[in-house]
Amino acid sequence: MNSARNNSIGCVVNECRFHAKDTNHCTLDKIQVTKHESMAKDIECTDCGSFVKE
Ligand code: SF4
């Protein structure tokens, strides 16, 4: 069961353990946003580094 949603972090990745499920929010207090290119050029270069598969 997830704890309360964090209204400051919207997220649609409902496959994640930390997704609020009933709404499109994260339940963590803080997430780490990462990039997987040395220079991020577009949105596809960024990811949530706090994702954990459910
Ligand atoms: S940890 Fe990242 S991917 Fe998972 S619910 Fe939170 S913001 Fe979304």
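Each remark here, short or long, concerns the structure printed above.
Residues numbered from 1 in each chain as written. Predicted model: local features only at pLDDT ≥ 70, side-chain atom pairs only at ≥ 80, totals over all residues. Heavy atoms only, no water.

*Asks:* Go over the site of the ligand with me, naming the residues and quoting the values.
*Replies:* Taken together, C11, V13, C16, F18, H19, C26, L28, I31, C48, S50 and F51 make up the full set of residues near the ligand. Among the detected pockets, the ligand sits in the largest pocket. Residue classes in the shell around the ligand are distributed as nine nonpolar, two polar and no charged. (Near = heavy atom within 4 Å. 1 Å grid on protein atoms, 1.4 Å probe; cavity = no way out; pocket = protein on both sides within 12 Å on 5 of 7 lines; lining within 4 Å. Sits in = over half its atoms within 2 Å of the grid points. Nonpolar A, V, L, I, M, F, W, Y, C, P; charged D, E, K, R; others polar.)

*Asks:* Quick one: what's the story with the side chain of S50, residue by residue and with numbers?
*Replies:* Position of S50 among the secondary structure elements: in the segment after β4 (46-48). The exposure class of S50 is buried, given its relative accessible area of 17%. Among the polar contacts listed, one links the side chain of S50 to the backbone nitrogen of Q32, at a separation of 3.0 Å. Ignoring sequence-local partners within four residues, the contact set of S50 consists of F18, L28, I31 and Q32. (Helix = DSSP H or I, 4+ residues; strand = E, 2+ residues; numbered from the N terminus. Buried < 20%, exposed > 50% of the residue type's maximum accessible area, 1.4 Å probe, protein only. Polar contact = N/O pair within 3.5 Å; in protein donor to acceptor, adjacent residues only side chain to side chain. Contact = heavy atoms within 4.5 Å.)

*Asks:* Outline the layout of surface pockets, listing residues and values.
*Replies:* Its boundaries defined by the atoms lining it, the largest pocket holds a volume of some 270 Å³. If you go around the largest pocket, you meet 16 residues; those closest to its centre are C11, V13, I31, D47 and C48. Only β1 (6-10) and β4 provide two or more residues apiece to the lining of the largest pocket. Among the elements that line the lining of the largest pocket, the one with the most residues is β4, at three residues. Residues of the lining of the largest pocket, tallied by class, amount to 11 nonpolar, four polar and one charged. (Points joined across faces, edges and corners; volume = space filled by probe spheres on them.)

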